[in-house]
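This is what each chain is made of:
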Amino acid sequence: MDDLKKNLAAEYNKRKTDIRKRLKEFGAVHKGCDADIFAELCFCITTANANALMCDKAISELKASGLILGGTCGQIRPKLKGRVRFHNKKAEYIVGARRLFKRGKCIDMKTLLGMNDVFAMREWLVENVLGLGYKEASHFLRNIGLGRDIAILDRHILKNLYKYGAISKVPDSVGSRKIYMAIEENMRSFSRRAGIPMDELDLLFWSMQTGFIFK
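Since the structure is predicted, the reported quantities are computational estimates derived from the model, not experimental observations.

Conventions used here
- The residue numbering used here restarts from 1 in each chain and proceeds along that chain's sequence as written.
- Given that the model is predicted, a residue must reach a pLDDT of at least 70 before its local features are reported, and side-chain atom pairs must reach 80 or more before they are shown or counted; all residues, however, enter totals for whole chains, interfaces and linings.
- Only hydrogens and water are set aside; all other atoms, that is, all heavy atoms of the structure, feed into the side-chain values.
- In this description, a line fitted to the C-alpha atoms serves as the axis of each element, helices being fitted only across the stretch in contact, and the angle between N-to-C directions of two axes falls anywhere from 0 to 180 degrees.
- Under the scheme used here, helices are H or I runs from DSSP no shorter than 4 residues and strands are E runs no shorter than 2 residues, and both carry numbers assigned from the N terminus.
- Oblique is the label for every angle not falling under 35 degrees (roughly parallel), over 145 degrees (roughly antiparallel), or within 65 to 115 degrees (roughly perpendicular).
- For any pair of crossing helices, the crossing counts as left-handed if the nearer helix is rotated counterclockwise from the farther one by less than a right angle, and right-handed if it is rotated clockwise.
- It only takes one pair of heavy atoms within 4.5 Å for two residues to be counted as in contact.
- Each residue gets one label: Ala, Val, Leu, Ile, Met, Phe, Trp, Tyr, Cys and Pro are nonpolar, Asp, Glu, Lys and Arg are charged, and the others, such as Gly, are polar.
- Throughout, exposure labels follow a simple rule: accessible area from a 1.4 Å probe, protein chains only, divided by the maximum for the residue type, with under 20% read as buried, over 50% as exposed, and the rest as partly exposed.
- Only four residue types enter the charge count: Lys and Arg as positive, Asp and Glu as negative, with His and the chain ends excluded.
- For this analysis, a salt bridge means a side-chain nitrogen from Lys or Arg found within 4 Å of a carboxyl oxygen belonging to Asp or Glu.
- We call two N or O atoms a polar contact when they sit within 3.5 Å, provided that within protein one can donate a hydrogen and the other can accept it, with sequence-adjacent residues counted only if both atoms are side-chain atoms.

Would you mind going over the packing of helix 3 (residues 52–65) against helix 5 (residues 73–80) in detail, with residue names and values included?
Contact geometry for helix 3 and helix 5: axes closest at 9 Å, N-to-C directions at 140 degrees. The angle between the axes of helix 3 and helix 5 places the two elements in the oblique class. Judged by the twist between their axes, the crossing of helix 3 over helix 5 is right-handed. Residues Ala58, Glu61 and Leu62 of helix 3 touch helix 5, and the partners they reach there are Ile76, Lys79 and Leu80. Split by residue class, the contact of helix 3 with helix 5 holds 4 nonpolar, no polar and 2 charged.

Here's what the structure looks like:
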């Protein structure tokens, strides 16, 4: 285990500058326009059981075409098909989320962000946005610069938490709130012991598995 921890520290030192640069970019998103924040929410809706790079490409095309803010389910589906699993359902989720955040002709994401409590925001998202569980809601909050103290428990993160002894096994599912919160707390404790902030640890683990830093 000591060798593993030394390896983790070495990987962190090697990638730390790039990780912090990426997190700084995330931090600019929630200070930007509501439309960009909403697009990030839609990206996180699409990523469940799907390839993040393909989802990002689909969302970029929806933004460029104006469909993300004005398209019907029938117009959005073809942009997701072949890139996003369960594209029919996720097109419905995007339209539903847009309806939830629409105020007149505009998208209002800043009211949500005005809650000033990332954990309360996450609970609200899980309870109100169809297609978001704790992982996807955490992913969204991290991608807009609010993820310093929360965990995105995807398969890459869980695999590494097990590898480094933070959890005793990789669970079959983290769908329940009780399981998610328990593993998140284990990751938080490991983060403190390792001396690596939670959001940086997430990107470190992800990049160690994939070979690059994304989102």
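Lay out the side chain of Asp108 with the relevant residues and their values.
Its place among the elements puts Asp108 in the loop between strand 2 (106–107) and helix 7 (110–113). It turns out Asp108 is buried and unbridged, and the closest side chain with the opposite charge, Arg103, is 4.0 Å from it. Within the structure, Asp108 has its side chain in polar contact with the side chain of Thr111 (distance 2.5 Å). Sequence-distant contacts of Asp108, defined by excluding residues within four places in its chain, comprise Asp34, Phe101 and Arg103.

Read these as spatial facts, not as claims about activity.
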